[in-house]
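# Structure assessment
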Amino acid sequence: LILDETFSITYLNNSALRLIGIPEGNREIPDFCSIFENSKDGRYILDELFSSRSVVKIDTLIKDSSGKKIHANISATLIRNKKEIRGAVCILENTEEKKLFEMTLKKEKELAEKYIDTAGVFFLVLDNEGRIALINKKGCEILGYDNKEELLGKDWFDNFVDKKSNKKDFMDFSKNTITESYAEYTILLNNRDKRLIKWTRSVLRSDNGTFMGTISSGEDITEAREKEEEMAKLVTAVEQSPSIIII
């Protein structure tokens, strides 16, 4: 739509007419601020234009002739003749589908995070540099942290892995076509204790094959491994004993 030097609407193209619900051929041009759900947004644009700001952009809600609210992005650009302001051109973009898509993604993300947080395994996402991009509640509990925000962005291998050779294995994912791998290694907790974790790791790649990071689920097998080792020692002791032992 086009505004004159007083910033009143002088022209609406067919797309703008359809967006705000005015039938084509209708010569009644609405007041600029009246197309907004909150007229303050319209006045904000006009105030900025009056103060000679060249371009004003805003995400807002507009309303059509029936009162229906529509998400829109509005970009207003001043029209000048030398130094004299002659009006403005406003581009209205219907962002309703974009907002719906964003809301859907947000809901799906919230559901996914809820599922991840209620999972009984250590869930960990690392970016392509080995930094923590996502960690669930179980992972925080095992590491001894109350807040996942304390962990996001930290280098996983420099801060929480006992043997640094594991980072080399991780970085090797960027050089091959492996999609899934399994590993066991010791992690360092907040109190500097250690736990043995069995990992299932899936490699994340972009559509063009670029290495993006890994998604891993981990199971704490510390006690299970200790029992296995104790049993192995007991079996060895029994086999080496000259006496008959019944367990």
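Parameters and conventions
Residues numbered from 1 in each chain as written. Predicted model: local features only at pLDDT ≥ 70, side-chain atom pairs only at ≥ 80, totals over all residues. Heavy atoms only, no water. 1 Å grid on protein atoms, 1.4 Å probe; cavity = no way out; pocket = protein on both sides within 12 Å on 5 of 7 lines; lining within 4 Å. Points joined across faces, edges and corners; volume = space filled by probe spheres on them. Helix = DSSP H or I, 4+ residues; strand = E, 2+ residues; numbered from the N terminus. Buried < 20%, exposed > 50% of the residue type's maximum accessible area, 1.4 Å probe, protein only. Contact = heavy atoms within 4.5 Å. Pairing = 2+ DSSP bridges. Axes fitted to C-alpha atoms, helices over the stretch in contact; angles between N-to-C directions. Phe/Tyr/Trp six-rings, centres within 6.5 Å; stacked < 30°, edge-to-face > 60°. Nonpolar A, V, L, I, M, F, W, Y, C, P; charged D, E, K, R; others polar.

### Here's the deal with empty space enclosed by the protein
- Counted by the stated rule, this structure contains 1 cavity of 30 Å³ or more.
- Computed from the structure, the largest cavity encloses a volume of approximately 40 Å³.
- As for the largest cavity, its lining consists of Leu126, Phe157, Phe170, Tyr185, Arg201, Thr214 and Ser216.

### A short note on the environment of lysine 63
- Looking at the secondary structure, you find lysine 63 in strand S3 (residues 55-63).
- On the basis of relative accessible area, lysine 63 is assigned to the partly exposed category, the value being 31%.
- Taking the C-alpha atoms as reference, lysine 63 lies 40 Å from aspartate 117; in sequence the two are 54 residues apart.
- Filtering out sequence-adjacent residues up to four positions away, lysine 63 remains in contact with Ile20, Ser34, Ile35, Phe36, Glu37 and Lys68.

### Observations regarding the pairing of strand S10 (residues 211-220)
- For strand S6 (residues 122-127) and S10, the ladder comprises 6 bridges, and the chain directions are antiparallel. Looking at S10, one finds that phenylalanine 123 is bridged to serine 217.
- Hairpin connection of strand S9 (residues 194-205) to S10: 5 residues between the antiparallel strands, including glycine 209 at a positive phi of 90°.

### Re unusual backbone geometry
- Not every positive phi belongs to a glycine, and phenylalanine 7 is a case in point at roughly 65°.
- Relative to the helices and strands, phenylalanine 7 resides in the loop between strand S1 (2-3) and strand S2 (9-11).
- Take phenylalanine 7: its relative accessible area is 4%, and that puts it in the buried class.
- Even without being glycine, arginine 192 reaches a positive phi, approximately 75°.
- Locating arginine 192 in the fold gives a position in the loop between strand S8 (180-188) and S9.

### Details of the sheet that holds strand S4 (residues 69-81)
- Judged by pairing direction, the sheet is antiparallel, and its 5 strands sit side by side in the order S2-S1-S5-S4-S3 without closing on themselves. Unpaired on one side and paired on the other, S2 and S3 mark the two borders of the sheet.
- Across 2 bridges, the pairing between S1 and strand S5 (residues 84-94) is antiparallel. Note on S5: the bridge partner recorded for leucine 3 is alanine 88.
- Lying over the sheet, helix H2 (residues 39-50) contacts S1, S3, S4 and S5, oriented at roughly 165° with respect to S3.

### Regarding the side chain of serine 216
- For serine 216, the position within the fold is in strand S10.
- Looking at serine 216, the relative accessible area reads 4%, which means it is buried.
- When residues no more than four places from it in sequence are discounted, the contact partners of serine 216 are Phe122, Phe123, Leu124, Trp199, Thr200 and Arg201.

### Details of the packing of aromatic side chains
- Under the counting rule described, the total for this entry stands at 9 aromatic pairs.
- These aromatic residues form a ring-pair network of at least three members: Phe122, Tyr145, Trp156, Phe160, Tyr185 and Trp199.

### Brief notes about the layout of surface pockets
- In this structure, the largest pocket spans a volume of roughly 200 Å³.
- As for the largest pocket, its lining consists of 12 residues, of which Ile20, Ile22, Pro30, Asp64 and Ser65 are closest to the centre.
- Here the residues of the lining of the largest pocket are counted per class, giving 5 nonpolar, 4 polar and 3 charged.

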